[in-house]
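Summary of the model geometry
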Amino acid sequence: MIDVIPLQAFNDNYIWALRAGRHAAVVDPGDAAPVLDYLAREDVALAAILATHHHPDHVGGIGELRQAFDVPVYGPRAEPIPTVTHPVSGGDRVALAPLGVAFDVLDIPGHTRAHVAYYGAKLLFCGDTLFACGCGRLFEGTPEQMHASLAKLAALPDDTLVYCGHEYTLANIAFARQVEPDNAALAARARADAALREKGLPTLPSTIGREKATNPFLRAAEPAVAAAADRYLGRRAGSPVAVFAALREWKNRA
Ligand code: ZN
Ligand code: FE
């Protein structure tokens with residue numbers, strides 16, 4: 001069994017540490033310091049680094065970690081990350097032998113051009129594509145791409161644990177409630193996640209099932225969500241992709 005531990009970085013980033021015995025891997029180390037502190041404190045050795053996309057808050061610590069640990073660095077083939085040693089893309093498999101776990105690589109473009117996710121052992125590391133009750137901004141991709149990427153993640157089993165790159169959940173929930181004020185699962189989630197944050201705890205991991213029930217960006221085909229998008233646009237969006245695009249624009253301006 002592997003444990004997944006959140007290491008906080010910057011204001012609201014999570015670097016995810018995967019641990020089995022005395023071995024660890026990290027996902028999206030934007031900063032080396034929290035990782036080096038964790039490894040020293042727990043007396044574990046770094047076995048691998050995984051990156052979901054090229055933004056500095058996800059890859060900025062890799063160079064310094066590599067000076068201390070000569071480990072493989074997996075990351076998207078088609079993004080500019082000079083520190084990647086093992087470029088990957090959709091359909092590849094990343095086997096972390098020291099941890100006894102393997103991940104399938106999923107292409108999930110939209111936030112960035114070649115953003116990837118790592119999925120295995122019922123764990124999903126999805127960077128800045130799917131957030132708890134939200135999704136990443138479209139910096140390099142189209143609404144069509146992001147909508148398809150989110151649909152790919154939504155098709156994973158409901159009990160998949162979702163580890164995102166940021167603690168944005170409460171702000172995302174506030175927006176989701178504007179979209180779906182009558183969603184009872186969303187209201188319950190708002191209470192539960194607010195209570196976690198009051199105790200200083202992460203709202204993550206989420207699950208795919210919870211996201212499907214409460215995340216408006218996965219619910220563009222729901223009549224209530226489509227109606228809210230139509231109200232925002234002042235006309236009929238007409239397709240789930242257009243609903244998704246309207247929600248993304250609305251959230252950007254909210
Ligand atoms: Zn990003
Ligand atoms: Fe980020």
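Bear in mind that the values here come from a model prediction, so they are computed numbers and not experimental data.

This paragraph deals with the sheet that holds strand β6 (residues 86-88). What the 6 strands build is an open sheet, ordered β1-β2-β3-β4-β5-β6; its pairing is mixed. This sheet does not close on itself; its edge strands, each paired only once, are β1 (3-9) and β6. Strand-to-strand twist in this sheet, taken as the mean axis angle between neighbours without regard to direction, amounts to 25 degrees. Here strand β4 (residues 45-50) pairs with strand β5 (residues 73-76) via 2 bridges, running parallel. Counted as the bridge partner of L50 is Y74 from β5.

The next subject is the sheet that holds strand β13 (residues 161-163). In any sheet, the strands associate via hydrogen bonds between backbone groups, in a parallel or an antiparallel arrangement. One open sheet accounts for 6 strands, arranged β7-β8-β9-β10-β13-β14; its pairing is mixed. The sheet terminates laterally at β7 (93-96) and β14 (206-207), the two strands that pair on one side only. Strand direction decides the pairing type here: β7 and strand β8 (residues 101-107), joined by 4 bridges, are antiparallel. The residue of β8 that forms the bridge with A95 is A102.

Here we take up the coordination of the zinc ion (ligand 1). Taken together, H53 (NE2), H55 (ND1), H111 (NE2) and D128 (OD) make up the full set of protein donors to the zinc ion (ligand 1), lying 2.2 to 2.3 Å away. Note that the zinc ion (ligand 1) binds 4 donor atoms; their angles at the metal cover 87 to 170 degrees, and the shape is irregular. Here the donor residues for the zinc ion (ligand 1) map to a single chain with the spacing H-x1-H-x55-H-x16-D. The two metals, the zinc ion (ligand 1) and the iron ion (ligand 2), are separated by 3.2 Å and share D128 as a common coordinating residue. Side by side, H53 and H55 carry an identical accessibility label, which is buried.

Moving on: the packing of helix α5 (residues 169-179) against helix α9 (residues 240-253). Taken N-terminus to C-terminus, the directions of α5 and α9 make an angle of 125 degrees; their axes are 11 Å apart at the nearest point. When the interaxial angle is binned, α5 and α9 end up oblique. Handedness of the α5/α9 crossing: right-handed. Two secondary-structure elements touch here, α5 through N172, F175, Q178 and V179 and α9 through L247, W250 and K251. The residue makeup of the contact of α5 with α9, split by class, is 4 nonpolar, 2 polar and 1 charged.

Before going further, it helps to spend a moment on the coordination of the iron ion (ligand 2). Distances from the iron ion (ligand 2) to its protein donors, D57 (OD), H58 (NE2), D128 (OD) and H166 (NE2), fall at 2.1 to 2.3 Å. We note that the donor set of the iron ion (ligand 2) lies within a single chain, spaced as D-H-x69-D-x37-H.

Next up on the list: the packing of aromatic side chains. Scanning all chains against the criterion turns up 9 aromatic pairs. A ring pair is formed by F217 and F244, whose centres lie 5.8 Å apart and whose planes are at 75 degrees; its orientation type is edge-to-face. Linking F217 in the loop between α7 (208-214) and α8 (223-233) with F244 in helix α9, this pair joins segments that are 27 residues apart in sequence. On the basis of relative accessible area, F244 is assigned to the buried category, the value being 0%. Here the aromatic rings of Y232 and W250 are separated by 5.4 Å at their centres, their planes lie at 5 degrees, and the arrangement is stacked. Of this pair, Y232 sits in helix α8 while W250 sits in helix α9; the two residues are 18 residues apart in sequence, bridging distant segments of the chain. Owing to a relative accessible area of 26%, Y232 belongs among the partly exposed residues under this scheme. The rings of Y14, W16, F103, F125 and Y163 are connected pair by pair, giving a single aromatic cluster.

Before going further, it helps to spend a moment on the pattern of salt bridges. Summed over all chains, the structure comprises 12 salt bridges. We note a salt bridge from K212 to D158, for which the minimum N-O separation is 2.6 Å. Placement of K212 in helix α7 and of D158 in the loop between α4 (143-154) and β13 is noted, with a sequence separation of 54 residues between them. Judged by relative accessible area, K212 falls into the partly exposed class, the value being 34%. We classify D158 as partly exposed; its relative accessible area is 43%. Residues joined in a network through salt bridges with shared partners are R189, D193 and E211.

Criteria and thresholds
- Residues numbered from 1 in each chain as written.
- Chains lettered and ligands numbered in written order.
- Predicted model: local features only at pLDDT ≥ 70, side-chain atom pairs only at ≥ 80, totals over all residues.
- Heavy atoms only, no water.
- Pairing = 2+ DSSP bridges.
- Helix = DSSP H or I, 4+ residues; strand = E, 2+ residues; numbered from the N terminus.
- Axes fitted to C-alpha atoms, helices over the stretch in contact; angles between N-to-C directions.
- Donors = N, O, S within 2.8 Å, 3.2 Å for Na, K, Ca; no water.
- Tetrahedral: all angles 85-135°; square planar, octahedral: opposite > 155°, others 65-115°.
- Buried < 20%, exposed > 50% of the residue type's maximum accessible area, 1.4 Å probe, protein only.
- Parallel < 35°, antiparallel > 145°, perpendicular 65-115°, else oblique.
- Left-handed = near helix turned anticlockwise from the far one by under 90°.
- Contact = heavy atoms within 4.5 Å.
- Nonpolar A, V, L, I, M, F, W, Y, C, P; charged D, E, K, R; others polar.
- Phe/Tyr/Trp six-rings, centres within 6.5 Å; stacked < 30°, edge-to-face > 60°.
- Salt bridge = Lys/Arg side-chain N within 4 Å of Asp/Glu carboxyl O.

Taken by themselves, the reported measurements are silent on function.
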